Amino acid sequence: VKGYPFVAVMADFYSVERRKVMRALGAKVVLTPSMYAGLGMTAKARELAIANDWFLASQFENPANTEYHANTTGPEILSTFRSNGKTLDYFVSGYGSGGTFAGVSRVLKAGNPDTKVVISEPTDAALIASGIEQEREDGVAFDGVPSSVHEAWNPHVIAGWAPSFIPQLAQDAVDAGLVDELVTIDPKTGIQAAMDLAQSEGIFTGISGGSTFASALDVARRAPDGSNILAMLPDTMERYLSTELFDNIGEDMNEEERKIAYSTPNYVFEEEEGIKKQN
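Residues numbered from 1 in each chain as written. Predicted model: local features only at pLDDT ≥ 70, side-chain atom pairs only at ≥ 80, totals over all residues. Heavy atoms only, no water.

## What about the nonpolar core?
With 27 residues, the main nonpolar core has Ile77, Phe91, Tyr95, Phe101, Leu108 and Leu127 as its most contacted residues. Of all the secondary structure elements, the ones that give two or more residues to this core are α4 (73-83), α5 (99-111), β4 (116-122), α6 (127-130) and α7 (168-175). When residues of this core are assigned to their parent elements, the largest contribution, 5 residues, is made by α5. Among the nonpolar cores identified, the runner-up in size contains 26 residues, and Met41, Ala49, Ile158 and Phe246 belong to it. (Core = buried A, V, L, I, M, F, W, Y, C linked by side-chain atoms within 4.5 Å. Buried < 20%, exposed > 50% of the residue type's maximum accessible area, 1.4 Å probe, protein only. Helix = DSSP H or I, 4+ residues; strand = E, 2+ residues; numbered from the N terminus.)

## Comments concerning the pattern of salt bridges
Per the counting criterion, the structure on display carries 7 salt bridges. With a shortest N-O distance of 3.0 Å, Lys44 and Glu47 are connected by a salt bridge. Linking Lys44 with Glu47, this pair stays in helix α2 (residues 37-52), spanning 3 residues, or about one helical turn. Note that Arg222 and Glu181 form a salt bridge whose closest N and O atoms lie 3.1 Å from each other. Of the two residues, Arg222 is situated in helix α9 (residues 207-222) and Glu181 in strand β7 (residues 181-185); the sequence distance between them amounts to 41 residues. Judged by its relative accessible area of 45%, Arg222 is partly exposed. For Glu181, a relative accessible area of 25% puts it in the partly exposed group. Salt bridges linked by common partners bring Glu181, Asp218 and Arg222 together as one network. (Salt bridge = Lys/Arg side-chain N within 4 Å of Asp/Glu carboxyl O.)

## A word on the side chain of Ser105
Along the polypeptide, Ser105 turns up in helix α5. When its relative accessible area of 0% is taken as the criterion, Ser105 is described as buried.

## Quick notes on the sheet that holds β7
On the basis of which strands lie adjacent, the open sheet formed by 4 strands has the order β7-β4-β3-β8 and parallel pairing. Pairing within the sheet leaves two strands with one partner each, and these edge strands are β7 and β8 (229-231). With direction set aside, neighbouring strand axes in the sheet form an average angle of 25°. Note that β4 and β7 share 5 bridges and pair parallel. The partner of Ser120 across the bridge, within β7, is Val183. Running at roughly 175° to strand β3 (residues 90-93), α5 makes contact with β3 and β4 of the sheet. (Pairing = 2+ DSSP bridges. Axes fitted to C-alpha atoms, helices over the stretch in contact; angles between N-to-C directions. Contact = heavy atoms within 4.5 Å.)

## Side note on α9
For α9, with 16 residues, the first-to-last C-alpha span of 23 Å sits near the 22 Å given by 1.5 Å per residue. Listed in full, the buried residues belonging to α9 are Ile207, Ser208, Gly209, Gly210, Ser211, Thr212, Ala214, Ser215, Ala216 and Val219. (Expected span 1.5 Å × (residues − 1).)

As structure tokens, then:
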């Protein structure tokens, strides 16, 4: 909007749609090899910032990230529940940078200490739940940057979650006692939940959103009757067209769709006689 040049650095395992959206908005996108995981993209961003004297957002360590959500997202949630005469019993979220859940959780806890904060991680990358400390070093603008891939991390398809290290902002929230429960979710369950939301509720969220929703359903099964549960779904399904989320979504008509097409005689493709005879 203001014409600032912008360079986004991301690992090459993130979806093609993300790259194209950023480039369509005028950004330059620098990719890092997947073998370096999420740690590689953050290290490359720091390297570029130092070499070119660029401003580095440092979203994984910059407290402005947390403060933004403490000033906007958190109060909005509190206001919505209060205006409807309800209390929030559970707040369920995954984490990428950690800024959203850290800022929101702080405000929710201040407004109602009884609100339970539940954080979800992939089953193969339960970094916080492992209890293993993240190794860190000083950064360009902020300290606490990861210096190595976390011992508990394994590759997973929940893009944006558990990026091969525990972000400093997420760790700060854990250390402040803002997290009441840690749960894990199988990415396959998250993918199915995302499709269920799309096809049953018209909510078009991605794998991370589906994983958060699946985690919230798990909380709902265990929560007392009448509990109010809020799940944070920050992404959209359009960013996942080239990913595992759409593996079972075809481009061409399937058999059922062809039968519908041939149920009336006109404006159809030339098909094998078998399809025509079935109608």
